[in-house]
Amino acid sequence: MIKEIKNNILYFDGCNTVELAEKYGTPLYVMSETAIVEKCKEIRDTFLNKYERTRAAYAAKAFLTLSMCRIIEREGLCLDVVSGGELYTAIKANFPAEKIEFNGNNKSIGELELAIDYNIGRIIVDGLDELDIIEGICKKKGKKTNILYRITPGVKSDSHDYIVTGKKDSKFGIPLDDEVIFPAIEKAINSPHINFMGFHFHVGSQLLNNESHLKALGTALKLIKDIIDKYNYVTPELNIGGGFGIKYTDDDDKKSYAYFLDPMMERIEEFSKEMNITRPEIVIEPGRSIVGESGITLYTIGTIKDIKGIRKYVSVDGGMTDNIRPALYQAKYEGIVANKADMAKTDLVTISGKCCESGDILIKDAHIAIAERGDIFAVFSTGAYGYSMASNYNKNPVPATVLVKDGKSEIIVKRQTYDHMIANEVIPESLK
Ligand code: LLP
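Just so you know, these numbers come straight off a predicted model, no measurement behind them.

1. Description of the overall build of the protein
And step 1. On a plain count of helices and strands, the protein comes out with 12 helices and 21 strands.
And step 2. A globule of 432 residues ought to have a C-alpha radius of gyration of about 22 Å, and the protein, at 23 Å, matches this closely.
And step 3. For the protein, the spread of C-alpha atoms along the three principal axes comes to 70 × 60 × 40 Å.
And step 4. Residue burial in the protein is summarised as follows: out of 432 residues, 44% are buried.
And step 5. Within the protein, residue pairs in contact and separated by at least 24 positions form 69% of the contacts whose partners lie at least 6 positions apart.

See the structure below:
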């Protein structure tokens, strides 16, 4: 059990969360190595080891640190990066270049050069001019790069509008208009500097049903068939993205990897038989589902304001700077008073952050134990898109992250200091 309650205290991966808060300070991101490893094992058991010629590239954007690169490598996964910064982190962690894939709708020339210099495994090309840039770089450097085209499958998925990516009106992917996609494919097939591996799609994030994945797959398979018919070219790979939802609250009907992947694999196998081709290598890009439930955030409770008959605000020492998701997507979370974990949840409160924004609310209408200043509040399922989307708004430092495992804790990201925050600021002569 990753989460346990003993003597009225919340334990996370064997660690007493109140002691963690005392030792490392709050706000504090706590990541369970055991939970991350279990998720990776689930991916190996239900996908990588079950189906031959498959890869899982962890979507680094969910949570990336040097230590996370080490865990991902050790657990046999590849890495999907979307920026020079993520790629740099992977390089610094000595992550094997051939296991890195590079996504993104507007990669800079510098980022592409870094990727090509490092000989990364795949570049997922998101627009037509990007292919020209890659070709130019490869020509100059005498290299050949493996690419996939990210297509816009034109499906609408059931998630917050900001995190759906597969619909036709999207900044992501190449639209499937015949006069756009076919010349692009022809160009990639014929380029001496490009290994054209196939297609990629990603329909959205935090998905709790497989409908849009299956629809997008249908579109991708049709395209693969068209390419065989038109150019007699069999694309050796297909990347079906990530987006597998997790449980934030009891309302989330989370599904297994198998629920998403088995029907897709079945269709791909059938298709390959019908077409009499070797099934393409299948790649997935899970992010949130590996780290989301593997992390919690610990806060210290400060001011409590009871506006009689209206609302009781319980403020914590972090908020939208360490977790923007409630403010940005109206995302829902659950949490408990970590040092009163056994107590009846008799109070109905709103957990608010400390930023100067009325929208800085972490949990609206939370049923919690009666809280006082100094109590520790734990918010669950914050491992994905918390640290990675943290900001310095109001000049709040980015919290520390500790990695916990079987009762042991180690710091993997130090708390940002005030000095750190102003380190890049300069007073020009004119103001001295
Ligand atoms: N692959 C691609 C190409 C993606 O764009 C994404 C997420 C993923 C994989 C990983 O998706 P996941 O398995 O984590 O759902 N900040 C938002 C999520 C944005 C996701 C963007 N792309 C949030 O906090 O919900």
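2. A word on the sheet that holds strand β2 (residues 9–12)
And step 1. Strand order across the open sheet formed by 3 strands is β1-β2-β3, with antiparallel pairing between neighbours. At either end of the open sheet lies a strand with only one pairing partner, and these are β1 (3–6) and β3 (15–16).

3. Considerations on the UniProt feature "binding site: substrate" (unreviewed entry) in the protein
And step 1. Under the present numbering, the feature "binding site: substrate" (unreviewed entry) in UniProt falls on R288, R325, Y329, E357 and Y385. These annotated residues cover 98 residues of sequence, and their C-alpha atoms reach 26.6 Å apart at the extremes, leaving them scattered rather than at a single site.
And step 2. Positionally, R288 belongs in helix α10 (residues 288–291).
And step 3. Take R288: there are 25 C-beta atoms within 10 Å of it, and that puts it in the buried class.
And step 4. Setting aside anything within four residues of it in sequence, one finds R288 in contact with A62, S205, Q206, I246, A384 and Y385.
And step 5. When you line up the elements, E357 lands in the loop between β17 (347–352) and β18 (361–368).
And step 6. Residue classification places E357 among the partly exposed positions, given that 15 C-beta atoms sit within 10 Å.

4. Considering the site of the ligand
And step 1. Inspection of the region around the ligand gives 22 residues, with S205, G242, G287, R288 and Y385 positioned closest.
And step 2. Counting only elements with at least two residues in the shell around the ligand, the list comes to α10 and α11 (325–329).
And step 3. Taken together, the residues of the shell around the ligand break down into 8 nonpolar, 10 polar and 4 charged.

5. Things to note about the nonpolar core
And step 1. If you look at the biggest cluster of nonpolar residues, it comprises 110 residues, and the most contacted ones within it are V30, L79, A220, L298, F377 and A378.
And step 2. Here this core takes 7 residues from helix α8 (residues 211–231), the largest share from any one element.
And step 3. Looking at which domains feed residues into this core, each of domain 1 (3–30 + 292–417) and domain 2 (64–286) supplies at least three.

6. Quick notes on the confidence of the model for the protein
And step 1. Here the protein averages 96 in pLDDT, while 99% of its residues score no lower than 70.
And step 2. Taken element by element, the predicted model of the protein shows its lowest mean pLDDT in strand β10 (residues 174–175) (91) and its highest in strand β4 (residues 28–32) (99).
And step 3. With pTM at 0.97, the complex prediction returns an ipTM value of 0.99.

7. Considering the domain arrangement of the protein
And step 1. Domain parsing of the protein yields domain 1 (3–30 + 292–417) and domain 2 (64–286).
And step 2. The straight-line distance from the C-alpha centre of domain 1 to that of domain 2 is 34 Å.
And step 3. Counting residues at the interface gives 14 residues for domain 1, matched by 10 residues for domain 2.
And step 4. Residues belonging to the side of domain 1 that touches domain 2 are distributed by class as follows: 7 nonpolar, 4 polar and 3 charged.

8. Quick notes on helix α6 (residues 128–141)
And step 1. The end-to-end C-alpha distance of α6 is 21 Å, a good match for the 20 Å that 14 residues give at a rise of 1.5 Å each.
And step 2. E130, L131 and I134 are the residues of α6 that are buried. The buried residues of α6 occupy an angular sector of 100° when projected down its axis, which confines them to one face. Facing away from the buried surface of α6 by more than 90 degrees, the exposed residues are D129, D132 and K140.
And step 3. On its buried face, α6 is in contact with α5 (109–117), β8 (122–125), β9 (145–152) and α7 (178–190).
And step 4. A positive phi of about 65° marks G142, the residue just after α6.

Parameters and conventions
- Each chain has its residues counted from 1, following the order in which its sequence is written.
- Reporting of local features is limited, given that this is a predicted model, to residues whose pLDDT is at least 70; pairs of side-chain atoms are given and counted only at 80 or more, and all residues count toward the totals for whole chains, interfaces and linings.
- Per the convention used, a helix needs a DSSP run of H or I reaching at least four residues, while a strand needs a run of E reaching at least two, with both numbered from the N terminus.
- The size measure is the radius of gyration over C-alpha atoms, and the globule rule it meets is 2.2 Å times the number of residues to the 0.38 power.
- For the exposure call, what matters is how many other C-beta atoms sit within 10 Å of a residue's own: 20 or more marks it buried, 12 or fewer exposed, and in between partly exposed, using C-beta atoms placed from the backbone.
- Each residue gets a C-beta atom placed from its backbone, and two residues are in contact if those atoms lie within 7 Å.
- Think of it this way: DSSP has to see at least two bridges between two strands before they count as a pair.
- UniProt positions are given in the numbering used here, feature names are shortened, and annotations may be inferred rather than shown by experiment.
- Using a C-beta atom placed from the backbone, a residue is scored as near a molecule or strand whenever that atom is within 6 Å of it.
- Each residue gets one label: Ala, Val, Leu, Ile, Met, Phe, Trp, Tyr, Cys and Pro are nonpolar, Asp, Glu, Lys and Arg are charged, and the others, such as Gly, are polar.
- Here, a nonpolar core denotes buried Ala, Val, Leu, Ile, Met, Phe, Trp, Tyr and Cys residues that are linked to one another through C-beta atoms within 7 Å.
- Segmentation into domains, and thus their bounds, comes from an automatic or database assignment.
- As a per-residue measure, pLDDT tells how confident the predictor is, with possible values from 0 to 100.
- Multiplying one less than the number of residues by 1.5 Å gives the expected span of a helix.
- Note that the arc is defined by the directions from the helix axis to the C-beta atoms.

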